[in-house]
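Close look at the chain arrangement
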Amino acid sequence: MSEPTQANPASDDIIHESLITLRQALVLLVCYFAYILDGFDIVVISYTAPAISADWGIQSQELGLVFSSSLLGMTLGAMFLASLADLYGRKLVVGGMLLVVGLTTIAVVYADTVWQLVALRFITGLGLGTIMAALAPLAGEFSPSRYRTLILALLVSGASLGPILGGLVTSSAIDTYGWQSVFMAAGVLTLIAAALMFVLVPESMVFIIRRKPQGALERVNKTLTYLGHASLEQLPPVNEAAAKESASVKSLVMRSRWIVTLKVWGAFFCAYSASYFLSSWLPQILVQAGFDQERAIQAVVLASLGSLVGAVIFGWLGRWWALNRLIASSFVIGALSYLIVGGLIDDIDAVNPGWFFWTLLFVSGFTTSGAFSNLYTVAMKIYPAQIRSTGIGWATGIGRCGAVVSPALAGFLLAAGVSLTSLLGVFGIFFLVAATCVFLLTMRELPSG
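Below or above, wherever it landed, is the structure these notes cover. All values derive from a computational prediction rather than experimental measurement.

Reading the values: rules and limits
Residues numbered from 1 in each chain as written. Predicted model: local features only at pLDDT ≥ 70, side-chain atom pairs only at ≥ 80, totals over all residues. Heavy atoms only, no water. Helix = DSSP H or I, 4+ residues; strand = E, 2+ residues; numbered from the N terminus. Rg over C-alpha atoms; globule rule 2.2 N^0.38 Å. Contact = heavy atoms within 4.5 Å. Areas by Shrake-Rupley, 256 points an atom, 1.4 Å probe, with all protein chains shown as cover. Lys, Arg positive; Asp, Glu negative; His and termini not counted. Charge placed at Lys NZ, Arg CZ, Asp CG, Glu CD. Salt bridge = Lys/Arg side-chain N within 4 Å of Asp/Glu carboxyl O. Buried < 20%, exposed > 50% of the residue type's maximum accessible area, 1.4 Å probe, protein only. Patch = residues over 30% accessible without salt bridge, like charges linked within 9 Å, V, L, I, M, F, W, Y side chains within 5 Å. 1 Å grid on protein atoms, 1.4 Å probe; cavity = no way out; pocket = protein on both sides within 12 Å on 5 of 7 lines; lining within 4 Å. Points joined across faces, edges and corners; volume = space filled by probe spheres on them. Phe/Tyr/Trp six-rings, centres within 6.5 Å; stacked < 30°, edge-to-face > 60°. Axes fitted to C-alpha atoms, helices over the stretch in contact; angles between N-to-C directions. Parallel < 35°, antiparallel > 145°, perpendicular 65-115°, else oblique.

1. Some details on the overall build of the protein chain
- The helix and strand tally for the protein chain stands at 20 helices and two strands.
- Over its C-alpha trace the protein chain gives a radius of gyration of 22 Å, about what one expects of a compact globule, namely 22 Å for 449 residues.
- With the principal axes as the frame, the protein chain shows a C-alpha extent of 75 × 50 × 40 Å.
- Expressed as a percentage of contacts within the protein chain between residues at least 6 apart in sequence, the contacts between residues at least 24 apart total 85%.
- Of the accessible surface of the protein chain, which amounts to about 18,600 Å², a share of 66% is contributed by carbon and sulfur atoms.
- Considering the protein chain, the positive charge centre built from 23 side chains and the negative charge centre built from 23 side chains are found 13 Å apart.

Dropping the structure here:
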């Protein structure tokens, strides 16, 4: 009996629009596992820094170099290496970079100087930045179109779940086995994720269709059979210009795309700036306002919980409403929420915050960080497959530039005597600018070539 076939799909969405087979779910679970480990690998140096500092007797400025090297590597990886996924394949690049991250994370165990640690964390950052840009297109292209936005939101939330799960075990692991055990465990798990990626995840069919290598139809049908979907009689029609297009920043800023690209970059830069300001300074701001350290940490955890819930809810709502409009509206609400938080903490003793304050913090995280997680899906929808990783990579890299600038800017403003309310208002403006950029985007794929 012959295999079922599809006559001639109208687009490169060649898997069933709503069916998720067991093999397909396994592929997405491997991607989710990679997201979780990516998130943990980013923060593992922060969790272990006090123990390393005590063990090696290094100064804070040297530790700052280690932190900065990771962030610099992630920025450069996203901007200059993510395009490799558009040229040579999503699976190949994600799997290869997981291998690099796993090996360099394990190598930290054997480092004995600050400069070795700086170099290793820089290389790790290159891999992590590349993975974050290439993993979303890979997972999205294996997701059915009807649930793609929700699935991507769930998967991207894994990057936030990784630090939470890792944080639960890191402290006890350091006390029992030393800080080296954390890097060893993180590295080994990342190598396992690389092996699963190479063994269980096929190459993106959308990538194959758009790049049209020799034997493309046979490769696509082999993958469809593996996933449990109907095979093709012929490949969907592809614009020849798209098949030949070079994946580089030039393709992002060509005449037909540069305005949209600037809007995407503006959204990512401002959203990253405001989000990293909050993650870096909110605990200190709350302590300075009169919170004890325990309550300040509880406040940040509550906002983080709101962001996880928000990421999933917005992904789910994106099935019915334009995702860019949802994100823009949420950024506006979030900016107002944080402005109210600033007004309350300006006189924390008089306000004596109760359930309203804690609910407000949850809503703030829900509407800002939760919506921010779905920006990757917006970028994926806009950029065509042949430059998708490049587009997400440059947007992420530009955004991380904002992440570098914003904590330093906040420190300068606080030192200059800016009030807590005004400071939250300044970064509320960043969210409003991001909202404007996202709102003005048109949610359709940019033309090829």
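2. Re the pattern of salt bridges
- All chains considered together, the criterion is met by six salt bridges.
- Note that R90 is salt-bridged to E141, the shortest N-O span being 2.9 Å. Placement of R90 in helix α4 (residues 90–107) and of E141 in the loop between α5 (114–140) and α6 (148–177) is noted, with a sequence separation of 51 residues between them.
- Here R90 falls in the buried class, since its relative accessible area comes to 0%.
- R388 is the partner of E141 in a salt bridge, and the nearest nitrogen-oxygen pair spans 2.8 Å. Residue E141 is found in the loop between α5 and α6, and its partner R388 is found in helix α19 (residues 388–415); the two are separated by 247 residues along the sequence.
- A residue is classified by how much of its surface remains accessible, and R388, at 7% relative accessible area, is buried.
- In the salt-bridge network here, residues are joined through shared partners; they are D86, R90, E141, R210, R388 and E445.

3. Description of a nonpolar patch on the surface
- Together, L305, V309, I313, W316, W320 and W321 make up a nonpolar patch on the protein surface, roughly 620 Å² of accessible area in all.
- Mapped onto the elements of the fold, W321 is located in the loop between α13 (293–317) and α14 (323–345).
- The class for W321 is exposed, based on a relative accessible area of 53%.

4. A closer look at the layout of surface pockets
- Volume-wise, the largest pocket comes out at about 2,200 Å³.
- Around the largest pocket, the lining comprises 50 residues; the ones closest to its centre are V43, P163, Y276, S279 and S304.
- Of all the secondary structure elements, the ones that give two or more residues to the lining of the largest pocket are α1 (22–56), α2 (60–81), α6, α12 (258–289), α13, α17 (369–373) and α19.
- At 11 residues, α13 tops the list of elements feeding residues into the lining of the largest pocket.

5. Observations regarding the side chain of S70
- Tracing the sequence through the fold places S70 in helix α2.
- Classification of S70 by relative accessible area gives buried; the value is 7%.
- Beyond its immediate sequence surroundings of up to four residues, S70 is in contact with I45, R121 and G125.

6. Let's talk about the packing of aromatic side chains
- Counted according to the given criterion, the structure contains 15 aromatic pairs.
- Ring plane angle 40 degrees and centroid distance 5.4 Å describe the contact between F331 and F431, whose orientation is recorded as tilted. Taken as a pair, F331 in helix α14 and F431 in helix α20 (residues 420–439) lie far apart in primary sequence, 100 residues in all.
- By relative accessible area, which is 0% here, F331 ends up buried.
- One aromatic cluster is present, built from ring pairs that chain together F268, Y272, Y276, F372 and Y376.

7. Re the packing of α6 against helix α7 (residues 179–200)
- Remark: α6 packs on α7, axes separated minimally by 6 Å, with the N-to-C direction vectors making an angle of 125 degrees. By the criterion of interaxial angle, the relationship of α6 to α7 is oblique. Residues T170, A173, I174 and Y177 of α6 lie in contact with α7, whose contacting residues are W179, S181 and V182.

8. Concerning the environment of V309
- Looking at the element boundaries, V309 is found in helix α13.
- Expressed as a C-alpha distance, the spacing of V309 and L84, which sit 225 residues apart in the sequence, is 33 Å.
- Leave out the neighbours within four places in its chain, and V309 touches F362 and F366.

9. Considering the environment of W115
- Position of W115 relative to the elements: it lies in helix α5.
- By relative accessible area, which is 61% here, W115 ends up exposed.
- Considering only alpha carbons, one finds W115 and Y147, 32 residues apart in sequence, at a separation of 46 Å.

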